[in-house]
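Summary of the model geometry
Read off the chains here:
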Number of protein chains: 2
Amino acid sequence: MLGTAGAAGAAGLVAGGAAGSGIAVAAQDRPAPLTGIGTGHIPFEGAHQAGIVEPTQARGHLVAFDLAAGADRAAAAALLRRWSDAVRAMTAAGHPSTPAGYDDQVAGDAGPSSLTVTFGFGRGFFTRTGLTAQLPAALAPLPDFPSDALDPRRSDGDLWVQIGADDALVAFHALRVIQKAARDAAGVRWQMNGFNRTPGATPAPMTGRNLMGQIDGTNNPRPSQPDFARKVFVPASGAPSSGSPAWMAGGSYAVVRRIRMLLDSWDHLSVTAQERVIGRRKSDGAPLSGGTETTAVDLDAFVHGSLAIAGDAHIRVAAPASNSGATMLRRAFSYHDGIGEDGAPDAGLLFVAWQADPMRGFVPVQRKLDGGDGLSRFLRHEASGLFAVPGGAGPGEYVGQRLLEG
Amino acid sequence: MLGTAGAAGAAGLVAGGAAGSGIAVAAQDRPAPLTGIGTGHIPFEGAHQAGIVEPTQARGHLVAFDLAAGADRAAAAALLRRWSDAVRAMTAAGHPSTPAGYDDQVAGDAGPSSLTVTFGFGRGFFTRTGLTAQLPAALAPLPDFPSDALDPRRSDGDLWVQIGADDALVAFHALRVIQKAARDAAGVRWQMNGFNRTPGATPAPMTGRNLMGQIDGTNNPRPSQPDFARKVFVPASGAPSSGSPAWMAGGSYAVVRRIRMLLDSWDHLSVTAQERVIGRRKSDGAPLSGGTETTAVDLDAFVHGSLAIAGDAHIRVAAPASNSGATMLRRAFSYHDGIGEDGAPDAGLLFVAWQADPMRGFVPVQRKLDGGDGLSRFLRHEASGLFAVPGGAGPGEYVGQRLLEG
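Cut-offs used in this document
- Residues numbered from 1 in each chain as written.
- Chains lettered and ligands numbered in written order.
- Predicted model: local features only at pLDDT ≥ 70, side-chain atom pairs only at ≥ 80, totals over all residues.
- Heavy atoms only, no water.
- UniProt positions renumbered as here; feature names shortened; annotations may be inferred.
- Phe/Tyr/Trp six-rings, centres within 6.5 Å; stacked < 30°, edge-to-face > 60°.
- Helix = DSSP H or I, 4+ residues; strand = E, 2+ residues; numbered from the N terminus.
- Buried < 20%, exposed > 50% of the residue type's maximum accessible area, 1.4 Å probe, protein only.
- Salt bridge = Lys/Arg side-chain N within 4 Å of Asp/Glu carboxyl O.
- Pairing = 2+ DSSP bridges.

As recorded by an unreviewed UniProt entry, chain A carries the name Deferrochelatase and is attributed to Actinacidiphila polyblastidii. Its UniProt record gives chain A a comment under Function (unreviewed entry), which states: "Involved in the recovery of exogenous heme iron. Extracts iron from heme while preserving the protoporphyrin ring intact."

This next bit is on the packing of aromatic side chains. Residue and element names in this part refer to chain A. Per the stated rule, a full pass over the model turns up 26 aromatic pairs over all chains. Considering the side-chain rings of Phe351 and Phe362, the 6.0 Å spacing of their centres and the 50° angle between planes classify their relative orientation as tilted. In this pair, Phe351 sits in strand E12 (residues 345-355) while Phe362 sits in helix H8 (residues 362-372), placing the two residues 11 residues apart along the sequence. Overall, Phe362 belongs to the buried group, its relative accessible area being 1%.

Moving on, we get to the pattern of salt bridges. Side-chain pairs of opposite charge can arise whenever the charged atoms involved come near each other. Residue and element names in this part refer to chain A. The full count for this structure, using the stated rule, is 56 salt bridges over all chains. For Arg154, the salt bridge goes to Asp151, with nearest N and O atoms at 3.5 Å. On the accessibility criterion, Arg154 (27% relative accessible area) is partly exposed. On the basis of relative accessibility, which here comes to 15%, the residue Asp151 falls in the buried class. One salt bridge in this structure joins Asp337 and Arg258, with 3.0 Å as the shortest N-O distance. Taken together, the positions of Asp337 in strand E11 (residues 333-339) and Arg258 in strand E7 (residues 252-261) put the pair 79 residues apart, joining distant regions of the chain.

With that settled, consider the pairing of strand E4 (residues 116-121) of chain B. All names here are of chain B. The element E4 is extensively covered by neighbouring structure, given that six of its six residues are classed as buried. The alternating pattern of E4 places Thr116, Thr118 and Gly120 on one face and Val117, Phe119 and Phe121 on the opposite face, and all of these are buried. In terms of strand pairing, E4 meets strand E5 (residues 159-165) through six bridges, oriented antiparallel. Bridge pairing links Gly120 to Trp160 in E5.

Next up, the structure:
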């Protein structure tokens, strides 16, 4: 287990032999204890997959795979078994390990650092594996939105993997392990890198900011709310009315959008103008109808004869009250891929929205935003995907087992 | 000073007025105290610029600018003044601020998070500003190395800026401020993003690993060594023998190389084969001649009739003992720009090497590595730059003032 060896220089050195060299090289008998962000541990097993309700990590990778020609149901099952076993090992508490053959030791010295790896299925997965009878109705293709400027090469995919960790090397290592464990069964279709604030950079945990500088995610549903599970997760009964088959019990649907922010245009606006576009104060996220960040938005408040929250303000158009209660859990990473071909930052949001049913979450909200959101002038949706994310694996199980062996 | 306002929800809320709304919005009278990595503070002022001897941060940006046509010495001086003032403000202890007009509030809630911003001059800077008499001899173009595969669009530049911070939003914010403060005086030539381990991910601070999984930087010169300053910095006297003019006193020369790692090929080697290529044990960095990571390498040690450190092992070919004592301070960021056009990871090292004289640092070592290093088969140098990094600014000074007003 080379991957679990700590660094030289820490306590606990004993004499040992370097493999193949014949010269005495000190080895450590046990790793030193972790104390910092490396200790963060999110269990792989559970009713839901990890990486949905937990706080976003400092570093993220999104990657989509297409199954290889000829990869059948058995090959797909073996793939999900390899992936699940690898993630179970890498996310263990303390000093995680990596299955033999996949370990480049990039994460060797670090703790799990809140690593999560989340797996989803795109429509293509069901046709290629002969599982069309199990295709969820909720996985119907997203409608075309008039403002979309989608790149099909960075959209969709048979399989989708979301990786998050508070250490960039831990996240990169997990990405490489996932790629290597795919073997010949699947190849990378697209891959994107993202980030969020590092824990401890702010005085207290707080709602994150996006690259427009806006506090983003204030009105997200919270696990403490009584209807949270109903909004985000497919019921354990796999109720047919939800458009989901039984194997999706405890699962969720992820809408993934690469949303470029036109930051040069945005930064030309005054802060007051930016606040009018969003409907919240930029410095602390308080709605322009008054209060603090967490004060309920009053869409009917007037100031000096005008709506405090403008008619096309983002938080008005996106509000559940404006969309028959439609809501979703947004859990995004920012991205920044340097300077684009147009000379402006190629930067924005790797938007990931979670819901029990996309037709009662992302779709109606995006339909409304696409036409009426003042913010949409500063955004460009460049890639899109919709994935069925099954429930979590139990002990000894792999993710998707109830689909693939159902 | 919107940029200094803390998040709502913390202690210390008082009633206030939202600008332009007329509705009471709570405001904070003072930011909450920082306790985590946000508190990291590296002073901007000093004999040397920040970002050379300090530990690498979790996130880095490298960006090169070319002066605009017609930008003269006065325009360049004003640019360096704007940049220095902005960095002085952003790197202040506690809750930093940002000069008005440049603040997108992306870093609003965070502490300085060990932010450093380091400025350097390329050869073009001297010709465009009419300062050719001040061009350091040490800034002679790097020789062509036969294995180089350099992209001129991502190489060189009139001005070079290195940004590092332990929080990705703080680093991104600084990059945007630097770009905006360039105004019409300079435009971005190229820009690259990098990363390192997050503080606290490992049990104790340790030498970092690169994306090959190798502990990298063990034999770096250390500030505690008596000849450290002589190797890394131009003497305060600006001794002519060093090839540096007086304005470079306290400065250093940065060699910047984008070095792609051919990770798929590398990962096909066994760990034993990788260790032979490097000359160190992968798990803990101990040299194959014995000991622990920090044990001096014994290039003459034999095992079973063979050299313990192979003839073409990286640490042998790069060793000062193999290069007439030539050495440099390597301070790199890893990079990962997703999947390359060849289907392999576009990932590797943003190598930054610091030395008092490139002809006694990078150049002789790279000449030797280029021909004889077993590791070179797994690397591709894709971009290159050499920059004169002047000494640090004193109170009220800007970086480069001794050049531009000398």
